[in-house]
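If you want the building blocks of each chain, they are given just below.
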Amino acid sequence: MYIGNARLTTKEWISPRTLILELELESEQTFIPGQFFTFFFQREGKKIPRSYSILGMEGKKLTLCIKLVEQGVASEVFEAAKLGDEFSLRGPFGRFVYQEDENPNVFLIATDTGIVPFHAMLEQGEILKKNVTLLFGSRNQEEIYFREQYEELAKKDNFTFLPTLTREEWDGLQGRVQKHLPEWAIFTTFYICGRKEMVLEVVDLLKKKGVADKHIHIERYD
Ligand SMILES: Cc1cc2nc3c(=O)[nH]c(=O)nc-3n(C[C@H](O)[C@H](O)[C@H](O)COP(=O)(O)OP(=O)(O)OC[C@H]3O[C@@H](n4cnc5c(N)ncnc54)[C@H](O)[C@@H]3O)c2cc1C
């Protein structure tokens, strides 16, 4: 496990409140797609932890995708961060990783930056041996992160990209992800990532459709 610092090397805005950060670790590390790092922030003498899924990691380079929230402890630090700033962190942690099973279909459900672990899994590619659907809930088109990449991937037979918007009218799917779960949930393993309320509601709906616990994997961004 890595316990150390990381230096900010790149900071790019991909929507008005969403950042891609690249950080340089002190030594080369590896990860399993879906895992995260925990960062530590100092506030009034206290050490405050916040976790971030790994968008990508190669050698010493760690890439994250972070949505800033109003008056958030970590959000304020990331918003003000300048190249060269140092962060204290530990990881990778987490068991929200792709686990091959008997089902031919994998259905990924994300809202907002809950997409990050799935992005890492799709880039690594192992998961694409199955029929994969990515249902991605965003507020508006601006926040359909990595859209071009997924649209390109969807040209393949075994990948379906289903973005759905809650705050903008468009010619694609509309409304929350809960509205767009598959009618037939058999032979399918589900991975769900995002805020607690969404994750819990989706799990409840899937269970009502008869999906077994072992075919539901979750990561809550509480
Ligand atoms: C395993 C794990 C992985 C995570 N990975 C990522 C990731 O890859 N990218 C990412 O952006 N976040 C991720 N998160 C969420 C992240 O850890 C923080 O919760 C988030 O960045 C807010 O932290 P903060 O300190 O800025 O806000 P806080 O100080 O914790 O919160 C400030 C206020 O904002 C509210 N709030 C917190 N989060 C949200 C939200 N998402 N939407 C609306 N209101 C909110 C709080 O309820 C509170 O009222 C992950 C969480 C976990 C547990």
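Residues numbered from 1 in each chain as written. Predicted model: local features only at pLDDT ≥ 70, side-chain atom pairs only at ≥ 80, totals over all residues. Heavy atoms only, no water.

1. A short note on the sheet that holds strand S6 (residues 61-67)
In a beta sheet, neighbouring strands pair by backbone hydrogen bonds and run either parallel or antiparallel. An order of S4-S3-S7-S1-S2-S6-S5 is seen for the 7 strands of this open sheet, with the pairing classed as antiparallel. Only two strands of the sheet have a single partner each, and these edge strands are strand S4 (46-53) and strand S5 (56-58). Strand-to-strand twist in this sheet, taken as the mean axis angle between neighbours without regard to direction, amounts to 35°. With 3 bridges connecting them, S5 and S6 associate as antiparallel partners. Along S6, the bridge assignment pairs Gly 56 with Thr 63. (Pairing = 2+ DSSP bridges. Helix = DSSP H or I, 4+ residues; strand = E, 2+ residues; numbered from the N terminus. Axes fitted to C-alpha atoms, helices over the stretch in contact; angles between N-to-C directions.)

2. Some details on the environment of Asp 157
Residue position: Asp 157 is located in the loop between helix H3 (147-153) and strand S10 (159-165). The class for Asp 157 is exposed, based on a relative accessible area of 81%. (Buried < 20%, exposed > 50% of the residue type's maximum accessible area, 1.4 Å probe, protein only.)

3. Re the nonpolar core
Ranked by size, the top nonpolar core spans 29 residues in total, and within it Ile 115, Phe 118, Leu 122, Ile 127, Leu 134 and Phe 159 carry the most contacts. Top contributing element to this core by residue count: helix H2 (residues 115-124), with 5 residues. Inspection of this core shows a minimum of three residues originating in each of domain 1 (2-93) and domain 2 (105-220). Not counting chain neighbours up to four residues away, the residues in contact with Phe 118 comprise Phe 96, Leu 108, Ile 109, Ala 110, Leu 134, Tyr 191, Ile 192 and Cys 193. Formed by 24 residues, the second largest nonpolar core is a distinct cluster that contains Ala 6, Ile 48, Ala 74 and Phe 87. (Core = buried A, V, L, I, M, F, W, Y, C linked by side-chain atoms within 4.5 Å. Domains from an automatic or database assignment. Contact = heavy atoms within 4.5 Å.)

4. Side note on the domain arrangement of the protein chain
On domain assignment, one finds that the protein chain holds domain 1 (2-93) and domain 2 (105-220). Spacing between the C-alpha centres of domain 1 and domain 2 amounts to 24 Å. For the pairing of domain 1 and domain 2, the buried interface totals around 1,200 Å² over both sides, and the portion due to carbon and sulfur atoms is 67%. Considering only the side of domain 1, the residues that lose the most area to domain 2 are Pro 33, Leu 55 and Lys 67, jointly responsible for 42% of the buried surface there. Between domain 1 and domain 2 we count 2 salt bridges in total. The residue Lys 67 makes a salt bridge to Glu 143 at a minimum N-O spacing of 3.4 Å. For the interface between domain 1 and domain 2, the tally reads 3 residue pairs in polar contact (both at pLDDT 80 or more). Counting residues per element, the ones that place at least two in the side of domain 1 that touches domain 2 are strand S1 (2-15), strand S2 (18-25) and S6. Of the residues forming the side of domain 1 that touches domain 2, the biggest block, 3 residues, is contributed by S6. The class makeup of the residues in the side of domain 1 that touches domain 2 is 10 nonpolar, 4 polar and 1 charged. (Buried area = accessible area lost by both parts, 1.4 Å probe. Salt bridge = Lys/Arg side-chain N within 4 Å of Asp/Glu carboxyl O. Polar contact = N/O pair within 3.5 Å; in protein donor to acceptor, adjacent residues only side chain to side chain. Nonpolar A, V, L, I, M, F, W, Y, C, P; charged D, E, K, R; others polar.)

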